[in-house]
Amino acid sequence: MASQLEPDWQNCDDILKCNQMMLDHQYACDITFLLGKDGARQGAHRYVLISRSPVFDAMFRTSLGDDAHEMSDVILPDIELSTFRVFLRYLYSGHVDITSDAVINLLYCAKKYAVAGLVKKCLAYVEDVLDPQNACALLEQSHFFDEHEFHDKVKAVLLRKAEEVFKMDDVTELCETCLSEIVADDNLMASEDLVLAACTRWAEAECRRRGLGVTDANCRIMLGNTLYKIRFPLLAPTVFVNQVAGGSLLSDEEKVDVMGQFIVTSRKSSFFQTGLRTKQRHQKFNRFKERNQTAFNNRSGTSAISFQVNRDILLEGFTIYGACKGTKQEIQVNGRVLDSKDESISSVESTVETTGKQDLYDVMFDQISRLHQGTTYTLLVELQGPHTFAGQCGRLSVLCDDVLFAFSHSDKSQTGTTVTHGQLPGLIFSK
């Protein structure tokens, strides 16, 4: 039902504001949309829709004459009222408030009516807010609406941050198609034991959703073909023996096949892929010979170190020392790599959970960057959190997998990190 406008509302000099008021108060609407399964009503003005969308133009332009009153309501069961109202606000005013919960639905609507400006805003929003915490939910939404470009953007982040994503409960909410697609990908950045653990949790959750007992046999059924995309031969033998061999997730024949791989690594598996994922192809090193037992204070600013390589490589990430106390603590990490022109070529904002049970923790960049021979690069990392361990007796150069890294002090370092001591013990790379 239309609400009452102010008596002098037409005196506003802003035509967009006037249009928005007409929409908000449902004033003089000449088309009605019936939205969602319940057919919720929303009025609009055809002239605005025609001016903003070629699809609406084709729908309504011929009905603006004397027979306009005969135009039937437009039934849209695939678009909810809340989404359509955000969509209309953009058409009327050019402004839009996008949220993580609504972005996929809004993108679907924008594409359906060929509103290119809104499509760009939705995709830009995803690039800005996409992180491991919402990657699974957004992947599912993109799959449901068959949004391929959006799906690829989300998938790229999920693959890159798989170590974080697979530890979250959200992974159990993926559909089998999305789970299988992720597990099958060579670029999945996760150790195989973590892949197995995530798939097992998903299968157990699926058993509960279907009212089945949580057993190895039922988990095998739930996983279906996804089971054969887990690369069991890449598991450590101790992990396989302790977590798989004694159960019934795999058949006896499949267990023998995997055990044969452990004995003769060149032997081809009859059931499972054996190619290394990106995670297994990574190389990393520690530039320090020793760990300093004294607590290192990172709160004074940014740690930095400069370096060159003797051949082109792909820089994937870096390592940091964890908290020096044994309790469970979090370190906020903000890292980037600058080229010789001080332009950022890779960056990451992440949270590292330290337990005191290990010295070094991997931090992966959001973007892989190609480093060129003979160019000086600088790694800058700001750590927020507890005091950490640090390294000492650092080396001026490190040879790792035929790649020579030469280190030098950076005047951007504010914490005391240098070539010989401090934070930033290593780099993670591939060739």
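Details of the structure are given in the entry above.
It should be emphasised that the depicted structure is a prediction, and the values quoted were computed from it without experimental measurement.

> Would you mind showing me how to read the overall build of the protein chain here?
A tally of helices and strands in the protein chain yields 15 helices and 15 strands. Taking 2.2 N^0.38 as the reference for a compact globule, 431 residues should give roughly 22 Å; the C-alpha atoms of the protein chain span a radius of gyration of 28 Å, well beyond that estimate. Counting only C-alpha atoms, the protein chain reaches 85 × 60 × 40 Å along its principal axes. With 431 residues in all, the protein chain has 46% of them scored as buried. A fraction of 72% describes how many contacts in the protein chain between residues 6 or more apart in sequence connect residues 24 or more apart. Accessible area for the protein chain stands at about 21,300 Å²; split by element, carbon and sulfur atoms hold 49% of it. Mean positive and mean negative side-chain charge positions of the protein chain (45 and 58 charges, respectively) differ by 7 Å.

> I keep staring at unusual backbone geometry and nothing clicks. Help me out?
What you tend to see is this: most non-glycine residues have negative phi, and most peptide bonds are trans. A positive phi angle, close to 50 degrees, is found at Gln-26, a residue other than glycine. Looking at the element boundaries, Gln-26 is found in the loop between α1 (15-24) and β1 (31-35). On the accessibility criterion, Gln-26 (23% relative accessible area) is partly exposed. The backbone of Asp-342 sits at a positive phi, close to 65 degrees, despite the residue not being glycine. You can see Asp-342 is positioned in the loop between β8 (329-338) and β9 (344-354). Residue Asp-342 is classed as partly exposed on the basis of its relative accessible area of 46%.

> It is not clear to me how the packing of helix α11 (residues 192-209) against helix α12 (residues 216-223) should be interpreted in this structure. Could you clarify?
How two helices pack is summed up by the angle between their axes together with the distance between the axes. With their axes 9 Å apart at the nearest point, α11 and α12 run at an angle of 100 degrees to one another. One way to sum up the angle between α11 and α12 is to call them roughly perpendicular. Side by side, α11 and α12 meet where Cys-199, Trp-202, Ala-203, Glu-204, Glu-206 and Cys-207 of the first sit next to Asn-218, Cys-219, Met-222 and Leu-223 of the second. For the contact of α11 with α12, the class distribution of residues is seven nonpolar, one polar and two charged.

> Which parts of the structure should I look at to understand the sheet that holds β9?
By way of backbone hydrogen bonds, the strands of a sheet pair with one another, either parallel or antiparallel. Strand order in this open sheet of six strands is β9-β8-β11-β6-β14-β13, and the pairing throughout is antiparallel. Of all the strands in the sheet, the pair left with one neighbour each is β9 and β13 (397-400). Strand-to-strand twist in this sheet, taken as the mean axis angle between neighbours without regard to direction, amounts to 25 degrees. Of the strand pairs in this sheet, β8 and strand β11 (residues 377-384) are connected by seven bridges, and their pairing is antiparallel.

> Please explain helix α4 (residues 81-93) as it appears in this structure.
Note on helix geometry: an α-helix contains 3.6 residues per turn, so any two residues three or four positions apart are oriented the same way. Here α4 contains 13 residues, and its C-alpha end-to-end distance of 18 Å stays within 8% of the 18 Å for a straight helix at 1.5 Å per residue. By the burial criterion, the buried members of α4 are Thr-83, Phe-84, Phe-87, Leu-88, Tyr-90, Leu-91, Tyr-92 and Ser-93. Positive phi shows up at Gly-94, right after α4, with a value of about 85 degrees.

> Would you explain the packing of aromatic side chains in this entry?
Given two aromatic rings, their pairing is described by the distance between the two centres and the angle made by the two planes. Counting across every chain of the model gives 21 aromatic pairs. Relative to Phe-84, the ring of Phe-33 lies with its centre 4.7 Å away and its plane at 55 degrees, an arrangement referred to as tilted. Of the two residues, Phe-33 sits in strand β1 while Phe-84 sits in helix α4, which places them 51 residues apart along the sequence. Like Phe-33, the residue Phe-84 is buried in the burial classification. Residue placement shows Arg-287 over the ring face of Phe-407; its charged tip is 5.6 Å from the ring centre. Stacked on the ring of Phe-389, the Lys or Arg Arg-291 has its end atom at 3.6 Å from the ring centre.

> I would appreciate a short explanation of the environment of Phe-271 in the present structure.
Assignment of secondary structure puts Phe-271 in the loop between α14 (252-263) and α15 (278-281). Sequence-wise, Phe-271 and Phe-232 are 39 residues apart; in three dimensions their C-alpha atoms are separated by 9.5 Å. Those residues within four positions of Phe-271 in sequence are excluded, and the remaining contacts are Tyr-228, Glu-253, Glu-254 and Asp-257.

> I would appreciate a short explanation of the pattern of salt bridges in the present structure.
Two side chains of opposite charge can pair, provided their charged atoms sit close to one another. Taken as a whole and assessed by the stated rule, the structure comprises 19 salt bridges. Linking Asp-169 and Arg-201 is a salt bridge whose minimum nitrogen-to-oxygen distance equals 4.0 Å. Of this pair, Asp-169 sits in the loop between α9 (162-165) and α10 (176-184) while Arg-201 sits in helix α11, and the two are 32 residues apart along the sequence. Sharing partners across several salt bridges, the network here consists of Glu-173, Glu-206, Arg-209 and Arg-210.

> Teacher, can you tell me more about the layout of surface pockets here?
It is a probe the size of a water molecule, rolled over the atoms, that shows where empty space is left. Approximately 1,300 Å³ is the volume found for the largest pocket. What lines the largest pocket is a set of 37 residues, among which Pro-132, Lys-161, Glu-164, Ser-350 and Thr-351 lie closest to the centre. By residue class, the composition of the lining of the largest pocket is 13 nonpolar, nine polar and 15 charged.

Definitions and limits used
- Residues numbered from 1 in each chain as written.
- Predicted model: local features only at pLDDT ≥ 70, side-chain atom pairs only at ≥ 80, totals over all residues.
- Heavy atoms only, no water.
- Helix = DSSP H or I, 4+ residues; strand = E, 2+ residues; numbered from the N terminus.
- Rg over C-alpha atoms; globule rule 2.2 N^0.38 Å.
- Buried < 20%, exposed > 50% of the residue type's maximum accessible area, 1.4 Å probe, protein only.
- Contact = heavy atoms within 4.5 Å.
- Areas by Shrake-Rupley, 256 points an atom, 1.4 Å probe, with all protein chains shown as cover.
- Lys, Arg positive; Asp, Glu negative; His and termini not counted.
- Charge placed at Lys NZ, Arg CZ, Asp CG, Glu CD.
- Axes fitted to C-alpha atoms, helices over the stretch in contact; angles between N-to-C directions.
- Parallel < 35°, antiparallel > 145°, perpendicular 65-115°, else oblique.
- Nonpolar A, V, L, I, M, F, W, Y, C, P; charged D, E, K, R; others polar.
- Pairing = 2+ DSSP bridges.
- Expected span 1.5 Å × (residues − 1).
- Phe/Tyr/Trp six-rings, centres within 6.5 Å; stacked < 30°, edge-to-face > 60°.
- Lys NZ or Arg CZ within 6 Å of the ring centre and 35° of its normal.
- Salt bridge = Lys/Arg side-chain N within 4 Å of Asp/Glu carboxyl O.
- 1 Å grid on protein atoms, 1.4 Å probe; cavity = no way out; pocket = protein on both sides within 12 Å on 5 of 7 lines; lining within 4 Å.
- Points joined across faces, edges and corners; volume = space filled by probe spheres on them.

Bear in mind that shape data such as this cannot, by itself, settle questions of function.
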